[in-house]
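# Understanding the architecture of this molecule
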Amino acid sequence: MFLVGLTGGIATGKSTVSKVFRDSGIPVIDADAIARLVVEPGKPAWYKIKAAFGDSVFQANSGELDRDALGKIIFDSVEKRKILNEITHPEIHRVIYKEVFRYFFMGHNFVVMDLPLLFETGIMLNYIHKIITVTCEEDIQLTRLMDRNHLSEADAKKRIKQQMPLEQKCSQSHFVIENSGTLHDTEEQTVKILAVLQDSNQHWKIRGVILATAAFLFSSIALILNYKYKFISAN
């Protein structure tokens, strides 16, 4: 099984592309969904955020994280954002690794990993076989973000600038999906990329390496046990 990284900028339309993959039966690991999961009340990251940021970033009634309140803090402070990332990223990646292994043992040829900060963190880059970046025109991205998150233009621009420029992400990707047009155009581009990925035999190569490694380890353990057994028997 090989890994496909799906990334882009905030509000460029990654969820639209993810849906096409899911509808085609391809597993998608959504980092944003996992990020919401690991900060649920009672989880380790929840306690750490509470200790680092106080009660003001939590909803009084439910105890759930108030994302808007936290967002205002971290997007105004590089240091605060770093603290939050140090709390949440290890938890997020722990869940991601578990999901990858689960899909591997289920026999899937490849998995799409929806990672908004794939390039920014760089943590998963060495494990990704192909990268897809979803992009769109700057004014469209800004409008989408303002409408979706109910932000002012200034706040929306601030959040966009926190991420790596889309041009830079596109230049480092194997595939680029332009999502400034119609839904049909985006779906059509995604389906073409899906066909290329499905034709790849990379999953056989990776499975071969894993099986060969497992066989080597098994043989090594067997030799060690056999040697120890003979040594004990001789004495």
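The structure under discussion appears in the preceding block.
Residues numbered from 1 in each chain as written. Predicted model: local features only at pLDDT ≥ 70, side-chain atom pairs only at ≥ 80, totals over all residues. Heavy atoms only, no water.

## Overview of the pattern of salt bridges
Put simply, the rule is: Basic side-chain nitrogens of Lys or Arg form a salt bridge, by our definition, when they fall within 4 Å of a carboxyl oxygen of Asp or Glu. Throughout, exposure labels follow a simple rule: accessible area from a 1.4 Å probe, protein chains only, divided by the maximum for the residue type, with under 20% read as buried, over 50% as exposed, and the rest as partly exposed. Counting from the N terminus, the helices are the DSSP runs of H or I reaching at least four residues and the strands are the DSSP runs of E reaching at least two.
Counted according to the given criterion, the structure contains eight salt bridges. Measuring nitrogen to oxygen at the nearest pair gives 2.7 Å for the salt bridge that ties Lys-50 to Asp-55. Residue classification places Lys-50 among the partly exposed positions, given a relative accessible area of 31%. Relative accessible area serves as the criterion here: at 56%, Asp-55 is assigned to the exposed category. The residue Asp-76 makes a salt bridge to Lys-158 at a minimum N-O spacing of 2.7 Å. Here the residue Asp-76 occupies a position in the loop between helix H4 (67-74) and helix H5 (78-105), and Lys-158 occupies one in helix H8 (residues 153-161), the gap between them amounting to 82 residues.

## Some remarks on a nonpolar patch on the surface
Cut-off, in case you're wondering: Like charges are joined within 9 Å and nonpolar side chains (Val, Leu, Ile, Met, Phe, Trp, Tyr) within 5 Å, but only among residues with over 30% relative accessible area and no salt bridge; these make up the patches. Computed with a 1.4 Å probe, the accessible areas rest on the Shrake-Rupley method; for each residue, only the protein chains presented here act as cover.
Taken together, the side chains of Tyr-97, Phe-101, Phe-105, Ile-123 and Tyr-127 define a hydrophobic patch exposed on the protein surface, amounting to about 580 Å² of accessible area. Relative to the assigned elements, Tyr-127 resides in the loop between helix H6 (118-121) and strand E4 (130-135).

## Comments concerning the environment of Ser-62
Just so we agree on the cut-off: Between N or O atoms, a polar contact is any pair within 3.5 Å; within protein, one atom must be a potential hydrogen donor and the other a potential acceptor, and residues adjacent in sequence are included only when both atoms are from side chains.
Relative to the elements of secondary structure, Ser-62 occurs in the loop between helix H3 (44-53) and H4. For Ser-62, a relative accessible area of 40% translates into the label partly exposed. C-alpha separation for the pair Ser-62 and Pro-41, spaced 21 residues apart in sequence, amounts to 8.5 Å. Among the polar contacts made by the side chain of Ser-62, one reaches the side chain of Gln-59 at a distance of 3.2 Å. Side-chain polar atoms of Ser-62 contact the backbone nitrogen of Glu-64, separated by 3.2 Å.

## Topic: the environment of Arg-22
This is how it is decided: Contacts between residues were defined by any pair of non-hydrogen atoms, one from each residue, lying within 4.5 Å.
Along the chain, Arg-22 falls in helix H1 (residues 14-23). Each C-alpha atom, one on Arg-22 and one on Val-112, is 9.2 Å from the other, the two residues being 90 residues apart in sequence. Arg-22 has contacts with Val-28 and Asp-30, leaving out every residue within four places of it along the chain.

## Quick look at H4
Three or more residues of H4 are buried, namely Ala-69, Leu-70, Gly-71 and Ile-74. Here H4 starts with a cap whose side-chain oxygen sits 3.2 Å from the backbone nitrogen of Asp-68, and that cap is Asp-66.

## A closer look at the nonpolar core
Heads up, the rule is: Side-chain atoms within 4.5 Å are what join buried Ala, Val, Leu, Ile, Met, Phe, Trp, Tyr and Cys residues into a set we call a nonpolar core.
With 33 residues, the main nonpolar core has Ile-49, Ile-96 and Met-113 as its most contacted residues. Where this core is concerned, the elements lending two or more residues are helix H2 (31-38), H3, H4, H5, strand E3 (110-114) and H6. Element by element, the count of residues in this core is highest for H5, at seven residues. Aside from chain neighbours lying at most four places away, what touches Ile-49 is Val-39, Gly-54, Val-57, Phe-58, Leu-65, Leu-84, Ile-87 and Thr-88.

## A few points about the pairing of strand E1 (residues 2-8)
Heads up, the rule is: For two strands to be treated as a pair, DSSP must find at least two bridges joining them.
Judged by how many residues are buried, E1 sits mostly within the fold: seven of seven residues are covered. Where burial is concerned, the two faces of E1 agree: the one with Phe-2, Val-4, Leu-6 and Gly-8 and the one with Leu-3, Gly-5 and Thr-7 are both buried. Alignment of E1 against E3, held across five bridges, turns out to be parallel. Across the sheet, the residue bridging to Val-4 is Val-112, located in E3. Here five bridges tie E1 to E4, and the two strands are oriented parallel to one another. Looking at the pairing, Val-4 lines up with Lys-130 of E4.

## Quick word on unusual backbone geometry
In this model, Ala-11 sits at a positive phi of 70°, which is unusual for a non-glycine residue. With respect to the helices and strands, the residue Ala-11 is situated in the loop between E1 and H1. Residues other than glycine seldom take positive phi values, yet His-150 does so here, at roughly 55°. Position of His-150 among the secondary structure elements: in the loop between helix H7 (138-149) and H8.

Functional significance is not addressed by these values, which are geometric in nature.
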